[in-house]
Amino acid sequence: MRAGVIGTVEGSFDRVGSFADAIEDGDGERARCLEIDRVFSLPGGEMAFEGSAAIEATETVERSRIDGGEIRIEETSRSVTRRAEFVGVPGEFVVADSSRGTFAFDLIAEETDVEIERATIDLGEFLANSSDAAPWKAGFSEREGNVENGVLHGTDLLDDDGIDGLLDGATLNQLGVEHDYDGERAKVTAARSGYVELYRPAEFGAGEYLQYLVDEFAPHLS
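Being a predicted model, the structure only gives us computed values, none of them experimental.

## Structural notes on a nonpolar patch on the surface
Side chains of Ile66, Ile71 and Ile73 sit close together on the surface and give an oily, nonpolar patch of about 390 Å² of accessible area. By secondary structure assignment, the location of Ile66 is in strand 4 (residues 47-67).

Following this line, the structure appears as structure tokens:
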């Protein structure tokens, strides 16, 4: 796993346990399951965990049919099972594999008696603290002036004399950057809304990805 949505932990826990149960809501009984597949150590020595979560849910879908020469659209409900993969560092943060998979935050939070909320990343701080950073994408919003928001693409954007003035006072909401990390040239894209995807080094697995987040992004999460 090298990409996902980060959830920050408010509270403390040392381990996560597996469980399976069912809950009642307005749509009836829904089964839930949390599975911890492995517990392991990061390159820096911190403990980490990896697993998957699943929950039954009800979705509304549209179905079309021809009736008496007319097209009719009907809404029907169906039961589906949503599944997510996750990795995390106990008491620090959890990463779900997608926005749809962030329901895993609730299951982990319930099992460990903490709160887990989708993170906000201060991309400006991250960029300022990255060694030899070379942004190739920068999305911004909340800028005063005629250009209120936009997305810039290019090479070494900070070397363009006009960029500083354009981004001055704006909020970075997405960023693609290459920078030095642990003797390698890392390539990553990140969003203010908590998503981080690491493209390079290509040989990095889940443990190295988590270590990268600990080293580079954890100080800039809220």
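So that's the structure; there's more coming.
## Comments concerning the packing of aromatic side chains
Counted by the stated rule, this structure contains 7 aromatic pairs. Arranged with centres 6.2 Å apart and planes meeting at 65°, the rings of Phe49 and Phe86 form a pair that is edge-to-face. One end of the pair, Phe49, is in strand 4; the other, Phe86, is in strand 5 (residues 70-89), with 37 residues separating them in the sequence. Residue classification places Phe49 among the buried positions, given a relative accessible area of 3%. Ring geometry for Trp136 versus Tyr199: centroids 6.5 Å apart, planes at 45°, classification tilted.

## Focus: the nonpolar core
Core analysis: the largest hydrophobic core is formed by 34 residues, its most contacted members being Val196, Leu210, Tyr212, Leu213 and Phe217. Put simply, the parts of the chain that give this core at least two residues each are strand 5, strand 6 (93-96), helix 2 (123-129), strand 8 (134-141), strand 10 (171-181), strand 11 (184-191), strand 12 (195-200) and helix 4 (206-217). Among the elements that take part in this core, helix 4 stands out by supplying 6 residues, more than any other. Among all residues touching Val196, those that are not within four sequence positions of it are Arg2, Ala3, Gly4, Ile6, Ile121, Val188, Thr189, Ala190, Tyr209, Leu213 and Phe217. Within the second largest apolar cluster, 21 residues are counted, among which are Val9, Leu34, Ile55 and Val94.

## A word on the environment of Asp14
When you line up the elements, Asp14 lands in the loop between strand 1 (3-10) and strand 2 (19-25). Along the chain, Asp14 and Ala48 lie 34 residues apart, while their C-alpha atoms are 9.7 Å from each other.

## Comments concerning a negative patch on the surface
Together, Asp182, Glu184, Glu203, Glu208 and Asp215 give the surface a local cluster of negative charge. On the secondary structure map, Asp182 appears in the loop between strand 10 and strand 11. Owing to a relative accessible area of 67%, Asp182 belongs among the exposed residues under this scheme.

Rules behind the numbers
- Residues numbered from 1 in each chain as written.
- Predicted model: local features only at pLDDT ≥ 70, side-chain atom pairs only at ≥ 80, totals over all residues.
- Heavy atoms only, no water.
- Patch = residues over 30% accessible without salt bridge, like charges linked within 9 Å, V, L, I, M, F, W, Y side chains within 5 Å.
- Areas by Shrake-Rupley, 256 points an atom, 1.4 Å probe, with all protein chains shown as cover.
- Salt bridge = Lys/Arg side-chain N within 4 Å of Asp/Glu carboxyl O.
- Helix = DSSP H or I, 4+ residues; strand = E, 2+ residues; numbered from the N terminus.
- Phe/Tyr/Trp six-rings, centres within 6.5 Å; stacked < 30°, edge-to-face > 60°.
- Buried < 20%, exposed > 50% of the residue type's maximum accessible area, 1.4 Å probe, protein only.
- Core = buried A, V, L, I, M, F, W, Y, C linked by side-chain atoms within 4.5 Å.
- Contact = heavy atoms within 4.5 Å.
- Lys, Arg positive; Asp, Glu negative; His and termini not counted.
- Charge placed at Lys NZ, Arg CZ, Asp CG, Glu CD.

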